[in-house]
Amino acid sequence: MDKVIIAENLSLSYKEFETIISKASFAIDAGSFVFITGASGSGKSTLLKSFYGAIEPRAGQLMVGGVKMSRISTSKLNFLRRHIGIVFQDYKLIKEWTIEKNVMLPLIISGYTKDISSSQVQKLLGHVKLIHQSGKFPLELSGGEQQRVAMARALAHNPILILADEPTGNLDEYSSQVIWNLLEGANTQLKTTVVVVTHNIPSSITVPYKHYHIEMGNIHEIA
Amino acid sequence: MKSLKNHISLIIALFTVLFSVQIYVAVDRTIEAYENRLKNDYSIIVVSNKTLSAAEFKAMDSIIERSESIATDQVLERLQGEMSKKNLDLLKLTLPKFYRLYLSRFPTPQEISKLQKRLQKHSSIERVEGYAQSHDTVYKLMLLFKDVVQIFSISIAAVTSLLILKEMRLWQFQHAERMSIMALFGAPVWLRSAVLFRLAIVDAIIATIVLCLAFFIIEQYGWMDLLLRTVGISIELFDFVNDAVRSLLIALGVSIVLTLMIVIGNEEEE
């Protein structure tokens, strides 16, 4: 089976002599659903950041989508990011753009025509049950609605990999369920690899998944 | 509304830069016109014991544009009653030739001094009067005026630069979030900063149009033109083709440099 993410003796740190992840080795299969758990400050978000190139490996090797993440060039990183969908805990929506344009962002970046982008966005907004809100701005929506918009944006360009950092951290039950359903749907129907960083794995999850836990800078798989 | 306010701040800053540049250009034109007027009024008197042609004078110094012989008939006519015709004819033969020399440009006091020395070296020239004293006063006044305008323009440029820097920081702050979100989804730098460049270009065009309008109004009222005419100067304060193009290029240059600084600053932060 193809590997989307391969880490070999991966060490991550923000400052020298302050290792957050130490010599981690693991591989994530294409089309798999993975949870990464750990206590607050354990380094799970840092690990996720390394997957989309926001932090470079201090030591060891990290390959994402076949791209080596150490000393990666800007153009290569941009290319890789165009094939990844990211969901953040704080949504990271562009406040001055409408919901429709926010969801359209990855399609604009990938150079899709307006017609294709529009129909894709309408479809996704339908999935997240926000079609009637498409003309609104992010700050006019609730937290749950904003996260659903962020989820639609992450799915817009049919990415090979979805990275979600505490996607339901601050959400109500309904919005959380919509998010989990979408992540499961992307994994089962589109065979998209999903990596979710979270405190707790929801009991409602129906897809088979892998579980990695981070403790004291070490990452280990939980059977 | 907030965005409009930001636009206006940049447009005002750009307009101030353009306006101060245009004022400097207009003052420079005024000084040039005044220099030209002074040059036309200014001449050097040369006394020579033999006839000298214009070519001979030009060969002495390239600054000499033309020479004019000063007629002595009027002086001799006045002496007709007091002297015999024989003495008058003798005087006519021995009387030196007087020339008025006009220069190609308004000279500096050093140039006058050099020119005087050069003319005096000529064997047939007996005396040179450069009116250096009065020339020096006018010239120094003009230099003082030029310096004052220069200091004034630099002060305006400094204040405006501070305004633009402040505006730049505001832009950087406002657009950093959007640009970093776009970067997370793999947008190349040109796409991330396209909006900034578009805004900068639009603001530069608007600032140039406002400048053209301002000078159109100034010219329509005509008080500036009237003021200049009272000192015998007629200049074009604003050339609606060349000056407008130059102003647009300056505005575009300033705003594009400003945007590039924001983009580079944002890249470094990432």
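Residues numbered from 1 in each chain as written. Chains lettered and ligands numbered in written order. Predicted model: local features only at pLDDT ≥ 70, side-chain atom pairs only at ≥ 80, totals over all residues. Heavy atoms only, no water.

Chemist: Looking at this structure, I do not really get the overall build of chain B. What am I missing?
Modeler: Helices and strands together make up the secondary structure of chain B, namely 10 helices and four strands. Helices and strands in chain B line up, N terminus first, as α-β-α-β-α-α-β-α-β-α-α-α-α-α. Relative to the globule expectation of 18 Å for 270 residues, the C-alpha radius of gyration of chain B, 30 Å, shows a markedly less compact shape. Taken along its principal axes, the extent of the C-alpha atoms in chain B is 105 × 40 × 25 Å. The buried share among the 270 residues of chain B stands at 38%. Computed over 29 positive and 29 negative side-chain charges, the separation of the two mean positions in chain B equals 5 Å. (Helix = DSSP H or I, 4+ residues; strand = E, 2+ residues; numbered from the N terminus. Rg over C-alpha atoms; globule rule 2.2 N^0.38 Å. Buried < 20%, exposed > 50% of the residue type's maximum accessible area, 1.4 Å probe, protein only. Lys, Arg positive; Asp, Glu negative; His and termini not counted. Charge placed at Lys NZ, Arg CZ, Asp CG, Glu CD.)

Chemist: Looking at this structure, how should I read the side chain of K44(A)?
Modeler: Residues and elements named next belong to chain A. Relative to the assigned elements, K44 resides in helix α1 (residues 44–51). Given the relative accessible area of 4%, K44 is considered buried. One polar contact links the side chain of K44 to the main-chain carbonyl oxygen of G38, over a distance of 3.1 Å. Among residues more than four places away in sequence, those in contact with K44 are I36, T37, G38, A39, E166, V197, T198, H199 and I214. (Polar contact = N/O pair within 3.5 Å; in protein donor to acceptor, adjacent residues only side chain to side chain. Contact = heavy atoms within 4.5 Å.)

Chemist: Would you explain the sheet that holds strand β2 (residues 19–29) of chain A in this entry?
Modeler: All names here are of chain A. In spatial order, the strands read β2-β1-β4-β5; together these four strands make up an open sheet with antiparallel pairing. What marks the edges here is a single partner per strand, and that holds for β2 and β5 (67–68). With five bridges joining them, strand β1 (residues 3–13) and strand β4 (residues 59–64) adopt antiparallel strand pairing. Residue S11 lies in a different strand from β4, and its bridge partner there is A59. On top of the sheet, α1 reaches β1, β2 and β4; it is set at about 125° to β1, its chief contact. (Pairing = 2+ DSSP bridges. Axes fitted to C-alpha atoms, helices over the stretch in contact; angles between N-to-C directions.)

Chemist: Would you mind going over the pattern of salt bridges with me for this structure?
Modeler: Note on pairing: side chains with opposite charge can pair once their charged atoms come close. Residue and element names in this part refer to chain B. Counted by the stated rule, this structure contains 12 salt bridges over all chains. When the shortest N-O distance is used, the salt bridge between R29 and D243 registers 2.9 Å. Remark: D243 occurs in helix α10 (residues 242–269) and R29 occurs in helix α1 (residues 2–41); sequence separation between them is 214 residues. R66 serves as the salt-bridge partner of E68, at 3.8 Å between the closest nitrogen and oxygen. Assessed through its relative accessible area of 35%, E68 is described here as partly exposed. (Salt bridge = Lys/Arg side-chain N within 4 Å of Asp/Glu carboxyl O.)

Chemist: Explanation requested: the environment of L237(B) in the structure shown.
Modeler: All names here are of chain B. Among the secondary structure elements, L237 is positioned in the loop between α9 (223–230) and α10. Take L237: its relative accessible area is 9%, and that puts it in the buried class. A sequence separation of 12 residues divides L237 from D225, and the C-alpha atoms of the two residues are 8.2 Å apart.

Chemist: Can you walk me through the sheet that holds strand β6 (residues 84–87) of chain A in this structure?
Modeler: In a beta sheet, neighbouring strands are held together by backbone hydrogen bonds and run either parallel or antiparallel to one another. All names here are of chain A. Ordered by their spatial adjacency, six strands build an open sheet running β6-β7-β8-β3-β9-β10, and the pairing between neighbours is mixed. For this open sheet the edge positions go to β6 and β10 (218–222), each flanked by a neighbour on one side alone. Shown here is a sheet whose adjacent strand axes are inclined to one another by a mean of 20°, direction ignored. With five bridges connecting them, strand β9 (residues 210–215) and β10 associate as antiparallel partners. For I214, the partnering residue across the bridge sits in β10 and is I219.

Chemist: In this structure, what is going on with the packing of helix α3 (residues 99–110) of chain A against helix α4 (residues 114–127) of chain A? I would like to understand it.
Modeler: Packed helix pairs are characterised by how far apart their axes lie and by the angle those axes make with each other. All names here are of chain A. The N-to-C vectors of α3 and α4 enclose an angle of 120°; their axes lie 9 Å apart at closest approach. Classified by the angle their axes make, α3 and α4 are oblique. Handedness of the α3/α4 crossing: right-handed. Each of I99, E100, V103, M104 and L107 in α3 lies in contact with α4, whose residues at this interface are S117, S118, Q120, V121, Q122, L124 and L125. Among the residues forming the contact of α3 with α4, the class breakdown is seven nonpolar, four polar and one charged. (Parallel < 35°, antiparallel > 145°, perpendicular 65-115°, else oblique. Left-handed = near helix turned anticlockwise from the far one by under 90°. Nonpolar A, V, L, I, M, F, W, Y, C, P; charged D, E, K, R; others polar.)

Chemist: What's the story with the nonpolar core in this structure? I'm lost.
Modeler: The tendency in soluble globular proteins is for nonpolar side chains to be buried side by side. All names here are of chain A. With 43 residues, the main nonpolar core has I5, F26, I36, L47, F51, L163 and V195 as its most contacted residues. Aside from chain neighbours lying at most four places away, what touches L163 is L48, F51, Y52, I84, G85, I86, V87 and V195. Residues L130, A164, L171 and I205 belong to the second largest nonpolar core, which totals 35 residues. (Core = buried A, V, L, I, M, F, W, Y, C linked by side-chain atoms within 4.5 Å.)

Chemist: Can you walk me through a nonpolar patch on the surface in this structure?
Modeler: Residues and elements named next belong to chain B. A contiguous nonpolar surface patch, about 700 Å² in accessible area, is contributed by F216, I217, Y221, W223, L227 and F240. If you list the elements that add at least two residues to the nonpolar patch, you get α8 (194–221) and α9. Counting residues per element, the nonpolar patch draws most heavily on α8, which supplies three residues. Topologically, W223 is positioned in helix α9. The exposure class assigned to W223 is partly exposed, which follows from its relative accessible area of 49%. (Patch = residues over 30% accessible without salt bridge, like charges linked within 9 Å, V, L, I, M, F, W, Y side chains within 5 Å. Areas by Shrake-Rupley, 256 points an atom, 1.4 Å probe, with all protein chains shown as cover.)

These figures capture arrangement, not role.
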